[in-house]
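# Observations on the three-dimensional arrangement
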Amino acid sequence: MTNPTIDLLMSHRSIRRFQNRPLPDGVLETLIRCGQQASTSSNVQAYTVIHVADPNRKKRLAELCADQVQIHQSAAFLAFCADLHRDRMANRMHDAERFDGDYVEALMIATVDVALMMQNVAIAAESLGLGICMIGAMRNNPKSVGRLLDLPPYVVAVAGFCIGYPDQAPEVKPRLPLDAVLHRERYLCDETHQLAMEEYDRTMVDFYASQGMHEGDQRWTKVMAGRTGQFHARAELDEFLTAQGFRLRR
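Fair warning: this is a prediction, and the values are worked out from it, not measured in the lab.

In this section: the nonpolar core. Core analysis: the largest hydrophobic core is formed by 57 residues, its most contacted members being F161 and I163. When residues of this core are traced back to their parent elements, those giving at least two are α2 (27-36), α3 (55-64), β2 (76-83), α6 (104-127), β3 (131-135), α7 (142-148), β4 (155-164) and α11 (236-243). With 10 residues, α6 is the single largest residue contributor to this core. Residues in contact with F161, not counting those within four places in the same chain, are A76, F77, L78, F80, M118, V121, A122, I132, C133, M134 and I135. Among the nonpolar cores identified, the runner-up in size contains 6 residues, and M204, F207, Y208 and V223 belong to it.

If you want it as structure tokens, here you go:
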């Protein structure tokens with residue numbers, strides 16, 4: 001079963017090289033409007049997008065995001081922010097009794113809202129022949145990013161987002177087997193789950209080898225075993241979230 005929307009979704013790949021070509025007038029605004037039509041928890045709309053166009057500011061932000069080439073080349077570079085500041089303002093406008101910004105639910109709502117919006121923007125951009133690349137390194141230096149973007153309390157930059165006209169045509173990266181992701185009635189037992197993961201390992205060894213990626217042990221499980229041990233490198237994010245008001249209870 002297929003249709004143009006499904007074909008578009010199934011052809012997604014991150015673009016890391018862009019043409020030196022600006023976006024037509026009005027395109028960015030249209031993409032953001034598409035993003036706003038994403039589902040949002042209780043209509044909270046807990047997101048803000050900051051377009052960094054000034055060359056010096058964009059260069060500095062790129063440096064804070066691991067100085068990736070695609071940021072410099074992008075026709076538009078955006079910071080997608082989880083944002084409860086606007087809702088806190090609404091709270092104060094009506095002298096509400098409580099503002100529960102220091103609960104996990106608050107951060108969860110804002111993060112999910114901005115992620116859904118970001119994916120809508122990605123799909124809309126690709127439907128216009130544009131390429132995108134999401135930049136998790138936006139979280140590498142959250143304090144410096146927060147100062148550069150003048151983020152008020154209850155706002156955190158979740159990801160960067162490059163948009164532009166592709167200057168490459170990379171292969172579509174294989175995903176996990178459906179059976180590893182779509183579980184029936186209850187969570188999959190570890191034995192069956194591992195068999196699906198090992199099947200994916202074989203697929204990704206071939207893919208990574210064809211792309212010259214992850215020399216050495218190219219099994220997906222081996223690569224992930226390393227990556228999931230690196231979350232501590234962004235420990236500053238914990239401090240920044242607390243300073244921004246997300247004082248998550250323990």
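All right, on to the packing of helix α9 (residues 190-211) against helix α10 (residues 220-227) then. Where α9 meets α10, the axes come as close as 7 Å, and the angle between the chain directions of the two elements is 90°. With respect to each other, α9 and α10 are oriented roughly perpendicular. Residue-level inspection shows M197, Y200, D201, M204 and Y208 of α9 in contact with α10, the latter providing W220, T221 and V223. Classifying every residue of the contact of α9 with α10 by side-chain character gives 6 nonpolar, 1 polar and 1 charged.

This brings us to the packing of α2 against α6. Two elements in contact, α2 and α6, have axes whose closest approach is 7 Å; the angle formed by their N-to-C orientations is 135°. Relative to α6, the element α2 lies oblique. Crossing of α2 over α6 shows right-handed handedness. Note on element contacts: α6 touches α2 through M117, N120, V121, A124 and A125, opposite L31, I32, C34, G35 and Q36. Taken together, the residues of the contact of α2 with α6 break down into 7 nonpolar, 3 polar and no charged.

Spatially, β1-β2-β4-β3 is the arrangement adopted by the 4 strands of the open sheet, whose pairing is antiparallel. Looking at strand neighbours, the two that pair on one side only are β1 (47-51) and β3, the edges of this open sheet. Averaged over all adjacent pairs, the angle separating strand axes in this sheet is 25°, with direction ignored. Strand direction decides the pairing type here: β1 and β2, joined by 5 bridges, are antiparallel. Across the sheet, T48 pairs through a bridge with C81, a residue of β2. Helix-sheet contacts for α6 involve β1, β2, β3 and β4, and the interaxial angle to β2 is about 155°.

Tallied over the full model, the rule gives 5 aromatic pairs. On the numbers, 5.4 Å between centres and 75° between planes, the contact of Y154 with F246 is edge-to-face. A residue pair is termed long-range when its members are at least 10 positions apart, and Y154 in the loop between α7 and β4 and F246 in the segment after α11 qualify at 92 residues. Comparing Y154 with F246 shows no difference in burial state: the two are buried. Between the aromatic rings of Y200 and W220, the centroid separation amounts to 5.4 Å while the plane-to-plane angle is 65°, which identifies the pairing as edge-to-face. Of the two residues, Y200 is situated in helix α9 and W220 in helix α10; the sequence distance between them amounts to 20 residues. The same class applies to Y200 and to W220, which are both buried. If you follow R21 out to its NZ or CZ, it ends over the ring of Y165, 3.6 Å from the centre.

The next point concerns a nonpolar patch on the surface. Taken together, the side chains of V104, M108, V112, L116 and L248 make up a nonpolar region of the molecular surface, amounting to roughly 390 Å² of accessible area. For M108, the location among the structural elements is in helix α6. By relative accessible area, which is 47% here, M108 ends up partly exposed.

A cluster of basic side chains, namely R16, K173, R175 and R227, defines a positive patch on the protein surface. Tracing the backbone through its elements, the reader meets R175 in the loop between β4 and α8 (178-181). On the basis of relative accessible area, R175 is assigned to the exposed category, the value being 59%.

This structure, assessed with the given rule, holds 6 salt bridges. Salt-bridge contacts for D217 lead to R219; the nearest nitrogen and oxygen are separated by 2.6 Å.

Reading the values: rules and limits
Residues numbered from 1 in each chain as written. Predicted model: local features only at pLDDT ≥ 70, side-chain atom pairs only at ≥ 80, totals over all residues. Heavy atoms only, no water. Core = buried A, V, L, I, M, F, W, Y, C linked by side-chain atoms within 4.5 Å. Buried < 20%, exposed > 50% of the residue type's maximum accessible area, 1.4 Å probe, protein only. Helix = DSSP H or I, 4+ residues; strand = E, 2+ residues; numbered from the N terminus. Contact = heavy atoms within 4.5 Å. Axes fitted to C-alpha atoms, helices over the stretch in contact; angles between N-to-C directions. Parallel < 35°, antiparallel > 145°, perpendicular 65-115°, else oblique. Nonpolar A, V, L, I, M, F, W, Y, C, P; charged D, E, K, R; others polar. Left-handed = near helix turned anticlockwise from the far one by under 90°. Pairing = 2+ DSSP bridges. Phe/Tyr/Trp six-rings, centres within 6.5 Å; stacked < 30°, edge-to-face > 60°. Lys NZ or Arg CZ within 6 Å of the ring centre and 35° of its normal. Patch = residues over 30% accessible without salt bridge, like charges linked within 9 Å, V, L, I, M, F, W, Y side chains within 5 Å. Areas by Shrake-Rupley, 256 points an atom, 1.4 Å probe, with all protein chains shown as cover. Salt bridge = Lys/Arg side-chain N within 4 Å of Asp/Glu carboxyl O. Lys, Arg positive; Asp, Glu negative; His and termini not counted. Charge placed at Lys NZ, Arg CZ, Asp CG, Glu CD.

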